[in-house]
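# Chain and residue survey
Chain by chain, the residues:
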Amino acid sequence: MKLTKVFSESELSLEVVILMIAGLILLITGMLLFPVATGGLPYYENGLYGLLLVMFSLQIISMGKTPFGDLKRSKLVVAAGIIIGGIGTITCFIPDAFNDIPRLLLFLFFGPGGAFLLVQMVLSKDKLRAWSEYGGIFRHLIAGCTVAYVSSILISILLWNQSLLSVQMTAILVLIYGAAIVYLSFVLRKIYSTYPQEQKRKDKEVELPMDRAMILFTSVFMIILGVLLIPVNLGLLPFSGSAQLGLLMMIFAIQMIASGSTPIGVFPRSLPVILIGLVFAALGTVSCIIPEILVYPLTLLVGVLNILGGAISIGKFLGRQASGTVGGGSKIPGILVKLTVAQLTLNVLAITFGLSMLISHLLPGLVIGVVLAANGAVLLYLLHVLFVIDRIQKEVEPGKST
């Protein structure tokens, strides 16, 4: 019975997932800053800045949660999230690509953003006053939010003037902030499980499901990576391969924890899947912040996962074809044919990319860039096809009910 519970589906909301991963990033950063301060480890500041911008981007795209509060999701809000994610991605890949822009963006998000959220919590009728009246777990929510907002403001001051504190004191502050974020994620998980109506209310605000949000972000990520590899291979730009692998691992981690979608297939979002996702997030964080330390093992891991994922999906498709379960002899709707073609193309590109990572010089660098950009373009096309299918289903459902 206990084993069944371990492998049962977990009820983690998207907000809780992103907070857990953000807290983990901060905790790992805080711990790594101690050996960095003594010169024991190298440090890639842009990798951390880019990673944090990517996390802000995912919150905005998937939930409409901005550093200055919740907004109703619109095309403008989603576009802003994509732009921030693009800046974060390029910041990770290309050292000093935007000079001080990433640091200034984070200053605005942590400083004025944290101050605005703190004031909003104090003045809003449905926050501090209501939470105080509810008592119980909501008092923990007040404590967690207060520590997180105040820590956010203090970190923004350090972003403005990094010489105010020693690296060791900065590490302690980052650890406190990370602990507060992780604590908040557990508090919110408890609140959403006890008061499910709160989560339903939030879910209705999300028009773009998590899987579609991740497809959108991954497509932008792949296109940017593919395009950048062209001038990189021509020797025109510097490049951080370590941060590239770190971001790939972070994308895997978020997909696994949020929806159970792994590189080799979709599984129930059980405790083992979540724990593996957290390990991937930890490896991704270290690879982004500490250059070169995990390049070899992560190159092997990402390569193998891409090959396995593509091969398994193609194998399943061929198995359905052989058993006659695809189409069943009837005419397949055109939109489903497009969906199948897009998925098969992605699987072939994934295998190609995986092989290029495992076998040096299998493909020229310029060709790898084209493969990755094509992967991103096909992902965007797949997203378009999925929205078309959704629209068709909505048009058919009313007819079924009559």
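This text gives an overview of the structure that appears in the document. (Residues numbered from 1 in each chain as written. Predicted model: local features only at pLDDT ≥ 70, side-chain atom pairs only at ≥ 80, totals over all residues. Heavy atoms only, no water.)

### Things to note about the overall build of the protein
Heads up, the condition is: What counts as a helix is a DSSP run of H or I of at least four residues, what counts as a strand is a run of E of at least two, and both are numbered from the N terminus. Our radius of gyration looks at C-alpha atoms and nothing else; its globule reference is 2.2 Å times the residue count to the power 0.38. Residue exposure (1.4 Å probe, protein chains only): buried if accessible area is under 20% of the type maximum, exposed if over 50%, otherwise partly exposed.
The number of helices and strands found in the protein is 15 helices and four strands. Taken over C-alpha atoms, the radius of gyration comes to 22 Å for the protein, in line with the 21 Å a tight globule of 402 residues would show. Overall size of the protein, expressed as C-alpha extent along the three principal axes, is 65 × 60 × 45 Å. Split into buried and exposed, the 402 residues of the protein put 49% on the buried side.

### Describing the packing of aromatic side chains
Note the following rule: Put simply, two rings from Phe, Tyr or Trp (the six-membered ring, in Trp's case) pair if the centres are within 6.5 Å, and we call them stacked under 30 degrees between planes, edge-to-face over 60, tilted for the rest.
Within this structure, the stated rule accounts for seven aromatic pairs. Both rings, one in Phe93 and one in Phe239, keep their centres 5.7 Å apart while their planes meet at 50°; by these two values the pair is tilted. Remark: Phe239 occurs in the loop between helix 10 (210–233) and helix 11 (241–259) and Phe93 occurs in helix 4 (residues 75–93); sequence separation between them is 146 residues. Given a relative accessible area of 0%, Phe93 falls into the buried group. Judged by its relative accessible area of 26%, Phe239 is partly exposed. Aromatic ring contacts, followed pair by pair, group Phe56, Phe109, Phe110 and Tyr177 into a single cluster.

### Here's the deal with the nonpolar core
Rule in force here: The set of buried Ala, Val, Leu, Ile, Met, Phe, Trp, Tyr and Cys residues whose side-chain atoms join them within 4.5 Å is what this entry labels a nonpolar core. Contact criterion: two residues are considered in contact whenever any of their non-hydrogen atoms come within 4.5 Å of each other.
Membership of the largest hydrophobic core comes to 118 residues, with the highest contact counts inside it found for Ile21, Leu141 and Phe221. In terms of residue count, the dominant contributor to this core is helix 2 (residues 14–37) (15 residues). Excluding residues that lie within four positions of it along the chain, Ile21 makes contacts with Met55, Met250, Ile254, Ile257 and Ala281.

### Comments concerning the layout of surface pockets
Rolled over the atoms, a probe with the dimensions of a water molecule shows which regions are left empty. Counted only if it meets this: With a 1 Å grid spanning the protein atoms alone, the term cavity applies to any set of points in which a 1.4 Å probe fits but cannot get out, the term pocket to an open set with protein on both sides within 12 Å along at least five of seven lines, and the term lining residue to any residue with an atom within 4 Å of a point. Grid points are joined across faces, edges and corners, and a volume is the space filled by probe spheres set on the points. Under this grouping Gly is polar, as are all residues other than the nonpolar Ala, Val, Leu, Ile, Met, Phe, Trp, Tyr, Cys and Pro and the charged Asp, Glu, Lys and Arg.
Taken as a whole, the largest pocket holds about 1,500 Å³ of empty space. Surrounding the largest pocket, 46 residues form its lining, Ser313, Gln343, Leu346, Asn347 and Leu382 being those nearest its centre. With 11 residues, helix 13 (residues 295–323) is the single largest residue contributor to the lining of the largest pocket. A breakdown of the residues in the lining of the largest pocket according to their chemical character gives 26 nonpolar, 16 polar and four charged.

### Observations regarding the pattern of salt bridges
Close approach of charged atoms lets side chains of opposite charge pair. Heads up, the rule is: The salt bridge definition used is simple: a Lys or Arg side-chain nitrogen within 4 Å of an Asp or Glu carboxyl oxygen.
In this structure the tally under the stated criterion is three salt bridges. Lys65 is paired through a salt bridge with Glu15; the nearest N and O atoms lie 3.6 Å apart. Here Lys65 is found in strand 1 (residues 65–66), whereas its partner Glu15 is found in helix 2, with 50 residues between them in sequence. The burial state of Lys65 is the same as that of Glu15; both residues are buried. Across the salt bridge formed by Lys65 and Asp70, the nearest N and O atoms sit 3.0 Å from each other.

### Considerations on unusual backbone geometry
Positive phi, close to 60°, is recorded for Asp96, a residue that is not glycine. Among the structural elements, Asp96 can be located in the loop between helix 4 and helix 5 (101–123). In this model, Glu292 sits at a positive phi of 75°, which is unusual for a non-glycine residue. Of note, Glu292 is situated in the loop between helix 12 (271–289) and helix 13.

### Some words on the environment of Ile293
Tracing the backbone shows Ile293 in the loop between helix 12 and helix 13. Placed 49 residues apart in sequence, Ile293 and Gln244 show a C-alpha to C-alpha distance of 13 Å. Those residues in contact with Ile293 that sit more than four places away from it in its chain are Leu41 and Val286.

### Quick notes on the packing of helix 3 (residues 45–63) against helix 11
Inclusion rule: Only the stretch in contact is used when fitting a helix axis, every axis being a line fitted to C-alpha atoms; angles between N-to-C directions are given from 0 to 180 degrees. For classification purposes, angles smaller than 35 degrees are called roughly parallel, those larger than 145 roughly antiparallel, those between 65 and 115 roughly perpendicular, and all remaining angles oblique. Handedness of a helix crossing follows the sense of rotation of the near helix relative to the far helix, less than a right angle counterclockwise being left-handed and clockwise being right-handed.
In the contact formed by helix 3 and helix 11, the axes pass within 12 Å of each other and the chain directions differ by 30°. Judged by the inter-axis angle, helix 3 sits roughly parallel to helix 11. Seen along the crossing, helix 3 lies across helix 11 with a hand that is right-handed. Where helix 3 abuts helix 11, its residues Leu51, Val54, Met55 and Leu58 lie against Leu247, Met250 and Ile254.

### Considerations on a nonpolar patch on the surface
Spelled out, the test is: Each patch is built from residues lacking any salt bridge and having more than 30% relative accessible area; the joining distance is 9 Å for like charges and 5 Å for nonpolar side chains (Val, Leu, Ile, Met, Phe, Trp, Tyr). Every accessible area reported is derived by Shrake-Rupley at a probe size of 1.4 Å, with residue values counting cover from the shown protein chains alone.
A cluster of nonpolar side chains, Phe34, Val147, Val150, Leu154, Ile157, Leu164, Leu165, Met169, Ile172 and Ile176, forms an exposed patch at the surface whose accessible area comes to about 780 Å². The leading source of residues in the nonpolar patch is helix 7 (residues 137–160), at four residues. Secondary-structure assignment places Val150 in helix 7.

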